[in-house]
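Survey of secondary and tertiary structure
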Amino acid sequence: MESENQTCVSEFILLGVSEDVLLQPLLFGLFLSMYLVTFIGNLLIILAIITDSHLHTPMYFFLSNLSLADICFISTTIPKMLLNIQTQSKVITYAGCITQLYFFMLFGDLDNFLLTVMAYDRFVAICHPLHYTIIMNPRLCGLLLLASWIMTALHSLLQSLMVLRLSFCEELEIPHFFCELNQLIHLACSDTFLNDLVMYFVTGLVAIVPLTGILFSYSKIVTSIFRISSAGGKYKAFSTGGSHLSVVSLFYGTGLGVYLSSAAAQNSRASAIASVMYTVVTPMLNPFIYSLKNKDIKQALKKLFSQETFST
């Protein structure tokens, strides 16, 4: 009986942020603008790093990958949302929903692991500056990036396969603007104990372990900075990790805010609105944080724009 119910499911209904017809044009314009700003901003960061040889260092190598992950992360949800608003259709196919879930978790987790690797990079740069080039060699950087991809791919695959084992009945409306794991599990009419167990345990592990690594790295960084006698040396050391620390605070701050608001909210629609901060606003603000706080990125962007102006 369960297999029949599951095979009968061909599509889900994404209710979106709001069902108010009058708000749809406003939502379309707002989310399209945020998507374009995010896409262009992160793309400029990537181009600036590629074109400027001075930025061919481990720190900016990971930053370029973070920008790429942010582009892919927001592209898993917003284009489909915009298409649904434009076509006045809220349908997403079963296969499309599982695919969206997989890539959403993949690039979201990749952001998490890349921020951890970048924290380790700053730890080595500040606490072991004389051995930085030896420790953060191209081989290690490649292995850290590969390990991040493998772990996130395996986690996303595990959660997606766990959803595939569920049976769905008549209630197929998702009170969200994308296929979110927790919402899909709540829609299932089969036993979800194993799914809940895997979701909370593995997702908690994927979140806590990287966060622990970041906190450990910055505790060592702060201790090392306090040992520096000159004020100029302290400022220089802190400025090298200031941008990354801001992005980390934004990433985990919005993620925690979404989790707390979801737990306190009486309906899932409020959770969907809160998750906009985590899924859209954070990737959009990252390029601004790095371009405003980082002199090297500023100079690289100026060179990039001057080259474009000169070529035209």
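Cut-offs applied
- Residues numbered from 1 in each chain as written.
- Predicted model: local features only at pLDDT ≥ 70, side-chain atom pairs only at ≥ 80, totals over all residues.
- Heavy atoms only, no water.
- Axes fitted to C-alpha atoms, helices over the stretch in contact; angles between N-to-C directions.
- Helix = DSSP H or I, 4+ residues; strand = E, 2+ residues; numbered from the N terminus.
- Parallel < 35°, antiparallel > 145°, perpendicular 65-115°, else oblique.
- Left-handed = near helix turned anticlockwise from the far one by under 90°.
- Nonpolar A, V, L, I, M, F, W, Y, C, P; charged D, E, K, R; others polar.
- UniProt positions renumbered as here; feature names shortened; annotations may be inferred.
- Buried < 20%, exposed > 50% of the residue type's maximum accessible area, 1.4 Å probe, protein only.
- Contact = heavy atoms within 4.5 Å.
- Expected span 1.5 Å × (residues − 1).
- Pairing = 2+ DSSP bridges.
- Phe/Tyr/Trp six-rings, centres within 6.5 Å; stacked < 30°, edge-to-face > 60°.

Considerations on the packing of helix H5 (residues 94-127) against helix H7 (residues 138-164)
Viewed as axis vectors pointing N to C, H5 and H7 meet at an angle of 150°, and their least axial separation amounts to 8 Å. Classified by the angle between their axes, H5 and H7 sit roughly antiparallel to one another. The interaxial crossing formed by H5 with H7 has right-handed handedness. Partitioning the contact of H5 with H7 into residue classes produces 21 nonpolar, six polar and one charged.

Topic: the UniProt feature "transmembrane region" (unreviewed entry) in the chain
As recorded in UniProt, the sites labelled "transmembrane region" (unreviewed entry) are residues 26-50, 62-82, 102-120, 140-158, 197-216, 237-260 and 272-292. For the annotated span residues 62-82, helix accounts for 90% and strand for 0% of the residues, and the straight-line distance between the end C-alpha atoms is 30 Å. Helix makes up 100% of residues 272-292 and strand 0%, with an end-to-end C-alpha separation of 30 Å.

Notes on the environment of Asp52
Secondary-structure assignment places Asp52 in the loop between helix H2 (24-51) and helix H3 (58-75). Asp52 sits in the buried class, given a relative accessible area of 7%. Along the backbone, Asp52 and Asn112 are 60 residues apart, and their C-alpha atoms lie at a distance of 26 Å. Those residues in contact with Asp52 that sit more than four places away from it in its chain are Ala300 and Lys303.

Quick notes on H5
Helix length check: H5 (34 residues) gives 49 Å between terminal C-alpha atoms against 50 Å at 1.5 Å per residue, within 8%. Counting buried residues along H5, 26 of its 34 residues qualify, which places the element largely inside the surrounding structure.

Side note on the sheet that holds strand E1 (residues 11-14)
With mixed pairing, three strands are arranged side by side in an open sheet as E2-E1-E3. The open sheet terminates on both sides in strands that have one partner only, identified here as strand E2 (91-93) and strand E3 (173-174). Of the strands in this sheet, E1, E2 and E3 touch H5, which is tilted by about 80° from E2.

As for the packing of aromatic side chains
Scanning the entire structure with this criterion turns up 16 aromatic pairs. For the ring pair Tyr94 and Phe168, a centre distance of 6.5 Å and an interplane angle of 70° mean the geometry is edge-to-face. With a gap of 74 residues between them, Tyr94 in helix H5 and Phe168 in the loop between H7 and E3 connect regions that are remote in the sequence. Residues Tyr94 and Phe168 agree in their burial class; the two are buried. An angle of 35° between the planes, with centres 6.1 Å apart, marks the rings of Tyr120 and Phe123 as tilted.

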